[in-house]
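Structure at a glance
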Amino acid sequence: MASTYTPIATNTLGSSTGSVTFSSIPQTYTDLILVISGKAASATYDITAMYVNSVTSGYSRTYLQGDGSSALSGRATAEIRLRAGYLPGTNYTSEYSADTYHFMNYANTTTYKTVLCRCNSVDTASQGFNTWTQASLIPTTSAISSITIATANGANLYTGSTFTLYGIQAA
Amino acid sequence: MGTTYKLISSVTVGAGGAASMSFTSIPSTYTDLHLVFSARCSVAAVNSGVDISLNGSSTSFSYIQLYGTGSSAGSNGASTNDGGGGANGSTSTASTFASSSIYLPNYAGSANKSYSVDYVVENNATATSTTLQAGLWSNTSAINQVTLTPNAGTFDQYSTAYLYGIKNS
């Protein structure tokens, strides 16, 4: 029996960089899981941004977050990229995020694509940042062949950040 | 290529219960750890939090959580190690065990250890909850031991925990 859960590619940053791209994603799996242990090369934080294929408009999301004092839910539409969780900045010496993104039925050519996002960042001093869950919509019926990860506010992705893409096969 | 997602070890609580469920001598050969557990405990309450200790340490933890109770949602946090999932208590619906999932990416790396916790404590009545947690252990050591302990009481018989290793190549 073929393996159900297979690493497709991984990237650990040896130096800060603007973005990480997984390209030529094989179309042979059912779902994709992207695991990010991320940090922003800015002082406080930045926010994960993803670009799927060549889609640059029409992303939408519904999110639920807790910041340690209040719960918040919101919705955004007509965005230029998939916007998700917080990446701790360099003020927080050794904190990286713990994020998973589940791209469901990514290779189908019939439906828009949905992503379940689960993002976590905590800083040592004050329990700052948040825990975040989000359902995102990528407005393309094309199979996902490329995912580019960057930041929403322009900070580089910091040294030591890791990005791993897994394929899950239903049968 | 070896197996990507592999069971490292499991614990099943026997008759008489157990003070904790522990995994020791965790190999450092994986990329991430995924701990999944089903738990009920002896405390006279509907639910109980679960403490997580890493490498035998219960210090240098902090967490933020987001929860829903079926009637309200809220968020809080603390600089303690009790953000490690949940367990049904003895006054909850019989035969009902909470489900928790803890994901620890880069558990053997040299940064502080961030982790994600999702859990539900179901009860066919009031006082249930679903909770998301962001956790941090401010320690750069590779994780070689994970211990789960109920905030109060002991784990009941039939509580289980499974530790999986995930390899990125």
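Refer to the structure above for everything that follows.
Residues numbered from 1 in each chain as written. Chains lettered and ligands numbered in written order. Predicted model: local features only at pLDDT ≥ 70, side-chain atom pairs only at ≥ 80, totals over all residues. Heavy atoms only, no water.

Some points on the overall build of chain B
This is how it is decided: Labels follow the DSSP assignment, with helices taken as runs of H or I lasting at least four residues and strands as runs of E lasting at least two, numbered in each case from the N terminus. Atoms considered for the radius of gyration are the C-alpha atoms alone. The globule rule reads 2.2 Å times the number of residues to the power 0.38. Exposed residues in this analysis have more than 50% of their type's maximum accessible area, buried residues have under 20%, and partly exposed residues fall in between, with area computed by a 1.4 Å probe over protein chains only. Every residue pair with non-hydrogen atoms within 4.5 Å of one another is taken to be in contact.
Counting its secondary structure elements, chain B contains zero helices and 12 strands. Going from the N terminus to the C terminus, chain B shows its helices and strands as β-β-β-β-β-β-β-β-β-β-β-β. Taking 2.2 N^0.38 as the reference for a compact globule, 169 residues should give roughly 15 Å; the C-alpha atoms of chain B span a radius of gyration of 16 Å, in line with that estimate. The principal-axis extents of the C-alpha atoms in chain B amount to approximately 45 × 35 × 30 Å. Within the span of chain B, comprising 169 residues, buried residues form 50% of the whole. Counting only contacts in chain B whose residues sit at least 6 apart along the sequence, the fraction spanning at least 24 positions is 77%.

A word on the pairing of strand β4 (residues 45-52) of chain A
Residue and element names in this part refer to chain A. Quick note on the threshold: Note on pairing: DSSP must find at least two bridges between two strands before they are called paired.
Burial runs high along β4: six of the eight residues are buried. Pairing of β4 with strand β7 (residues 82-88) involves five bridges; the strand directions are antiparallel. Looking across to β7, one finds that isoleucine 47 is bridged to tyrosine 86. Pairing analysis gives five bridges linking β4 to strand β11 (residues 147-151), with the strands arranged antiparallel.

A word on the interface of chain B and chain A
We apply this condition: Accessible area that two parts lose when put together, evaluated with a 1.4 Å probe and summed over both, is termed the buried area. Salt bridges are counted wherever a side-chain nitrogen of Lys or Arg sits within 4 Å of a carboxyl oxygen of Asp or Glu. Each polar contact in these results corresponds to two N or O atoms within 3.5 Å; when the atoms are within protein, one needs to be able to donate a hydrogen and the other to accept it, and residues that are neighboring in sequence are counted only if both atoms are side-chain atoms. Only Asp, Glu, Lys and Arg are considered charged in this grouping, and only Ala, Val, Leu, Ile, Met, Phe, Trp, Tyr, Cys and Pro are considered nonpolar; every other residue, Gly among them, is considered polar.
Listed per partner, the contact involves 38 residues of chain B and 35 residues of chain A. Of the roughly 2,500 Å² buried between chain B and chain A on both sides combined, carbon and sulfur atoms contribute 64%. It is Ile64(B), Leu66(B) and Asn168(B) in chain B that bury the most area against chain A; as a group they hold 23% of the surface buried on that side. The interface formed by chain B and chain A holds one salt bridge in total. Residue Arg118(A) pairs with Asp118(B) through a salt bridge whose shortest N-O separation is 2.5 Å. Where chain B touches chain A, the interface holds 13 residue pairs in polar contact (both at pLDDT 80 or more). Looking at the side of chain B that touches chain A, the elements with two or more residues in it are β5 (61-68), β6 (73-78), β9 (113-121) and β10 (129-137) of chain B. When its residues are assigned to classes, the side of chain B that touches chain A shows 16 nonpolar, 19 polar and three charged.

Comments concerning the sheet that holds strand β4 (residues 47-54) of chain B
In a beta sheet, neighbouring strands pair by backbone hydrogen bonds and run either parallel or antiparallel. Residue and element names in this part refer to chain B. Inclusion rule: Angular values range over 0 to 180 degrees, each being the angle between N-to-C directions of two axes fitted as lines to C-alpha atoms, with helices fitted over their stretch in contact.
If you walk across this open sheet you meet the four strands as β2-β11-β4-β7, and the pairing is antiparallel. One side of each edge strand has no neighbouring strand; the edge strands of this open sheet are β2 (21-23) and β7 (86-88). Taking the axes of each pair of neighbouring strands and ignoring which way they run, one obtains an average angle of 25° across the sheet. With three bridges joining them, β4 and β7 adopt antiparallel strand pairing. Each residue of the ladder has a partner; that of glycine 49, found in β7, is glycine 86.

Focus on the sheet that holds strand β2 (residues 20-22) of chain A
All names here are of chain A. Sheet architecture is open: four strands sit in the order β2-β11-β4-β7, paired in antiparallel fashion. Because the sheet does not close on itself, it has two edges, and the strands there are β2 and β7. Direction aside, the axes of adjacent strands within the sheet are offset by 25° on average. Bridging between β2 and β11 involves three bridges; their strand directions are antiparallel. In the sheet register, threonine 21 faces β11, and the bridge partner there is threonine 148.

What to know about the pairing of β10(B)
Residues and elements named next belong to chain B. In terms of burial, β10 is largely enclosed, as eight of its nine residues are buried. With eight bridges joining them, β5 and β10 adopt antiparallel strand pairing. From the neighbouring strand, tyrosine 67 faces β10, where its bridge partner is threonine 131. With nine bridges joining them, β9 and β10 adopt antiparallel strand pairing. Opposite valine 121, over in β10, you have serine 129 as the bridge partner.

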